[in-house]
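# Chain and residue survey
For reference, the chains in residue letters:
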There are 2 protein chains.
Amino acid sequence: MKQSDVVRVGLLGLGTVGCGVVRLLEGHKDDLEKQTGQHIVITKVLVQDAKKGRGVHLSSEQITDDPAQVLNHPEIDVIVEVMGGIDPAREYILQAIANGKNVVTANKDLMALHGGEILSVAATKQCDVFYEASVAGGIPILRALVEGFSSDRITKMIGIVNGTTNYILTAMEQEGVMFEDALAQAQELGYAEADPTADIDGLDAARKMAILATLGFRIDMPLAGVEAKGIADITQEDVSFAHQLGYRIKLVGIAQRDQGKVEVSVQPVLLPLSHPLSSVDGVYNAVAVYGEAVGETMFYGPGAGGMPTATAVVSDLVTVVKNRRLGVNGRGTVGPYQKRILKSLDEIESKHFLRLHVTDEAGVLAQLTMLFASENISLETVLQLPYGENSAQIILITHRASRRQMDHVQNEIVALEAVQGIQSYYRVEGGREG
Amino acid sequence: MKQSDVVRVGLLGLGTVGCGVVRLLEGHKDDLEKQTGQHIVITKVLVQDAKKGRGVHLSSEQITDDPAQVLNHPEIDVIVEVMGGIDPAREYILQAIANGKNVVTANKDLMALHGGEILSVAATKQCDVFYEASVAGGIPILRALVEGFSSDRITKMIGIVNGTTNYILTAMEQEGVMFEDALAQAQELGYAEADPTADIDGLDAARKMAILATLGFRIDMPLAGVEAKGIADITQEDVSFAHQLGYRIKLVGIAQRDQGKVEVSVQPVLLPLSHPLSSVDGVYNAVAVYGEAVGETMFYGPGAGGMPTATAVVSDLVTVVKNRRLGVNGRGTVGPYQKRILKSLDEIESKHFLRLHVTDEAGVLAQLTMLFASENISLETVLQLPYGENSAQIILITHRASRRQMDHVQNEIVALEAVQGIQSYYRVEGGREG
């Protein structure tokens, strides 16, 4: 094989994904050569501790704890960043691009916060930057949005994009355990970090939704514009009432565009059992994509894990290698070209679920329903049940109403003397129409 | 806009998909220009009857019934073939390629039968040939196989890739109607052709599976190697017994690779309710893809229809236009490079479902189960029910057994005096593991 047929890779990070990348490049060597016509070699791997043992075959010459040996290596063509975190990953990637190297990254935190900067610097240096692995692990969803649906106008993306919270919610529903126990279970199995805050609070999902909205809507969607609500307050009662009414509670990201205005958010929602996302269980991810012309589509697969994530990384690497052979690195990327106009609270509409505790006295339900009527919100489902002595529990599901309307009506509800409190409040997503 | 920034398209066919293509190019004009930096123009449209009215805006100058005016037009860069059928589509496409034109086609019949020839001629002329729309309409499944999973080794694809038969089976299950009535219903709604043979007999699905196997396994998979069994013999009894045992009957294509040997087939199978494909209803399509590294993934969406299919066609066109701008048309395609070795009947293994009518006399079930034991096939489920006077119905689901073993045991079963006949025989697909 000629020198020109060799592509040299510098790997930043050797955790589960990094080891997966090494294994794939080794195990699928012949396939990769057949597809790219090139021999892909790992030249340097940056690790924190060069002496630590790993489960992959790498020589001591390949391993280094000095970033300059990777980023400034004159022969390295592609940097694969799988170390995670913002610092120093951002600095390393910018340095690599400054040195004319193409980049593949699995880093959702970085791409959600600094994707715009990185992509625009890469464009001036004619370098590829691909990041398929940053959203929904092994599912090639970014490719689908950018290429598969390039001809269509996407109106909505709704996704289960965090496996940890989906595992917890699945356990709460199927095993009847409480949030805390489900979380402990997830931690034991390695599905949740020791500090699970970013997952539980919906921040991890918000990062992925910022990336999906940027690519799907062709806008520049900053992470700060993504409202995130987590799952820590979901009770077993919510889960079982939802189930009773034909719904499942899932933490979903929603990116929706109507008349040129967008909303991007993450929150627990009630999904009807017929919704394509409601049967996505455990650590799996799925994204439903709605286009003006294509209608409803759905993409499902493993959202995390060393090997699934590594397939996305190495598939991106294959694209870089093919582009390099054709001499077109950095030429294919289309930046955001649509204006970002966020919806106001009046414009964000959905159905809603409310659970209240009230004093069990005559006329409470009448008072409540009159409040909704005066706000012009019609009710789809009303359920009243006894709750302890002298109290009642009321479950309401509304027809479509705006966030503003719901804010108003909730303020009025808690002002009623008979109302002890609003126990829970969730968005309800529609049927197949999204 | 400079002349060099204009891409001229010749459209072959103006049916529902053709009209969808015209509408998308017109309606999403600005988006397409932003993404490609090029102005895409429909220069000529080949139709059978130039005088027939259509629901799209085209000038009489654009319309022609003379293929030469499209295929030999010196300024046309891309031919979009949406006329369907083998002849004269094959001839037209080869002529277009001979003239150096890139090709986008939605033609599954053609690509399943003559894809190898067309792609190899295109390679010598450095022309792109893309055909995303040929399989599963609006779902970008070919891109996922070729690019998204380029790093992985696909072990299995199982898909509902024919909307007509899925509509019929859904109606049979949900409405309890017989095959003939469900078919008539599908025809009334325009989901089935006047002559539905290709759909009903599984031939349409077989064509799509040949294409999926070729791309997913990187082999040259001829249509003749795809065994197809249709749905015309499925009875309401089969559907309801399957349901009772926790299964749904779906017409699925299976492409499976084990130890380098492949099997590609189409047949009605029993899918457990937990299988990701079992809840795919109506005219929707879905393909589950299993990779060594990625595990289980699934792609779901509309399998047909003018607009969904047109999105796939125009997204391919966008890729052609981008490639043209970079000067790399015809350089990205990787032909099959794996050897095709088909599995023998001994190597095709699955669970199986059998329904028999027997004379209701002592010892019949014992005779039957002994036959299975002597063939080394163990049984997972046995159900015996009275059937009319003096007869019984027996349902059996086996554990994994080869096709050869099942052929043997069925020959022995029908030779038993007490057996009146084997009413039905289906393959049973496993749980999430595929």
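Residues numbered from 1 in each chain as written. Chains lettered and ligands numbered in written order. Predicted model: local features only at pLDDT ≥ 70, side-chain atom pairs only at ≥ 80, totals over all residues. Heavy atoms only, no water.

This part is about the packing of aromatic side chains. All chains considered together, the criterion is met by nine aromatic pairs over all chains. On the numbers, 5.8 Å between centres and 90° between planes, the contact of A:F299 with B:F299 is edge-to-face. Here A:F299, found in strand β12 (residues 295–302), pairs with B:F299, found in strand β12 (residues 295–302), and the two come from separate chains. Accessibility assignment for this pair places A:F299 and B:F299 in one class, buried. Joined through ring pairs, the aromatic side chains of A:F149, A:F299, B:F149 and B:F299 make up one cluster. (Phe/Tyr/Trp six-rings, centres within 6.5 Å; stacked < 30°, edge-to-face > 60°. Helix = DSSP H or I, 4+ residues; strand = E, 2+ residues; numbered from the N terminus. Buried < 20%, exposed > 50% of the residue type's maximum accessible area, 1.4 Å probe, protein only.)

Moving on, we come to the UniProt feature "binding site: L-homoserine" (unreviewed entry) in chain A. Residues and elements named next belong to chain A. Under the present numbering, the feature "binding site: L-homoserine" (unreviewed entry) in UniProt falls on E193. Relative to the assigned elements, E193 resides in the loop between α8 (179–188) and α9 (197–200). Look at E193 and you get exposed, because its relative accessible area is 53%. Here E193 is in contact with Q187 and D199, once residues within four sequence places are set aside. (UniProt positions renumbered as here; feature names shortened; annotations may be inferred. Contact = heavy atoms within 4.5 Å.)

Relative to the elements of secondary structure, B:E429 occurs in the segment after β17 (419–428). Here the side chain of B:E429 touches B:K156 through a polar contact of 2.5 Å, side chain to side chain. (Polar contact = N/O pair within 3.5 Å; in protein donor to acceptor, adjacent residues only side chain to side chain.)

Let us now look at the relation of the copies chain A and chain B. For the pair chain A and chain B, the superposition axis carries a translation of 0.0 Å, the fit reaches an RMSD of 0.0 Å, and the rotation angle comes to 180°. Both chain copies can therefore be described as sitting about a two-fold axis. Among all C-alpha atoms of chain A, that of A:F299 lies closest to the rotation axis, at 2.4 Å. Counting the interface residues of chain A, we find that 100% of their copies in chain B are interface residues as well, pointing to one common contact surface. (Least-squares fit on C-alpha atoms with pLDDT ≥ 70 in both.)

On to the pattern of salt bridges, then. Across all of its chains, the model carries 52 salt bridges over all chains by this definition. Taking the shortest distance from any N to any O, the salt bridge between A:R207 and A:D109 comes out at 3.4 Å. You can see A:R207 sitting in helix α10 (residues 203–217) and its partner A:D109 sitting in helix α5 (residues 108–124), a full 98 residues away along the chain. On the basis of relative accessible area, A:D109 is assigned to the buried category, the value being 18%. Bridged by salt links that share partners, the residues A:E132, A:R143, A:D316 and B:E147 form one connected network. (Salt bridge = Lys/Arg side-chain N within 4 Å of Asp/Glu carboxyl O.)

Residue and element names in this part refer to chain A. In space, the six strands of this open sheet follow the order β3-β2-β1-β4-β5-β6, with parallel pairing throughout. Looking along the sheet, the strands with just one partner apiece sit at the ends: β3 (63–64) and β6 (129–130). Pairing of strand β1 (residues 6–12) with strand β4 (residues 78–81) involves four bridges; the strand directions are parallel. Paired with L12 across the strands is E81, a residue of β4. The strands touched by helix α12 (residues 306–326) are β1, β2 (39–46), β4, β5 (102–105) and β6; relative to β5, the strand with the most contacts, the crossing angle is about 165°. (Pairing = 2+ DSSP bridges. Axes fitted to C-alpha atoms, helices over the stretch in contact; angles between N-to-C directions.)

A word on the UniProt feature "binding site: NADPH" (unreviewed entry) in chain A. With numbering aligned to this structure, UniProt lists the feature "binding site: NADPH" (unreviewed entry) at A:K108. Dropping the residues within four chain positions of it, A:K108 is found in contact with A:S134, A:D204, A:R207, A:K208 and A:I211.

With 47 residues of chain A at the contact, the number on the chain B side is 47 residues. Roughly 4300 Å² of surface becomes buried between chain A and chain B when both sides are summed, with 53% attributable to carbon and sulfur atoms. Sorting the residues of chain A by area buried against chain B places A:Q35, A:S151 and A:Y300 first, and these three jointly supply 15% of that buried surface. Here A:R153 and B:D31 are joined by a salt bridge, their closest N and O atoms 3.3 Å apart. Where chain A packs against chain B, one counts 30 residue pairs in polar contact (both at pLDDT 80 or more). Elements that contribute at least two residues to the side of chain A that touches chain B include exactly α1 (16–27), α2 (29–36), α6 (141–148), β12 and α12 of chain A. Top contributing element to the side of chain A that touches chain B by residue count: α12(A), with eight residues. (Buried area = accessible area lost by both parts, 1.4 Å probe.)

Right, let's talk about the nonpolar core for a bit. Membership of the largest hydrophobic core comes to 158 residues, with the highest contact counts inside it found for A:I141, A:L212, B:I141 and B:L212. Ignoring anything within four residues of it in the chain, the contact list for B:L212 reads B:V135, B:I141, B:L142, B:L145, B:M157, B:V161, B:F217 and B:V287. (Core = buried A, V, L, I, M, F, W, Y, C linked by side-chain atoms within 4.5 Å.)

So, about the sheet that holds strand β1 (residues 6–12) of chain B. All names here are of chain B. Taken together, the six strands give an open sheet; going across it, the order is β3-β2-β1-β4-β5-β6, and neighbouring strands pair in parallel fashion. Edge positions in the sheet fall to β3 (63–64) and β6 (129–130), since each of these pairs with one other strand and no more. Two strands pair when backbone bridges link them, and strand β2 (residues 39–46) and β3 are joined in this way by two bridges, in the parallel orientation. Its bridge partner being in β3, L46 is matched across the sheet by T64.

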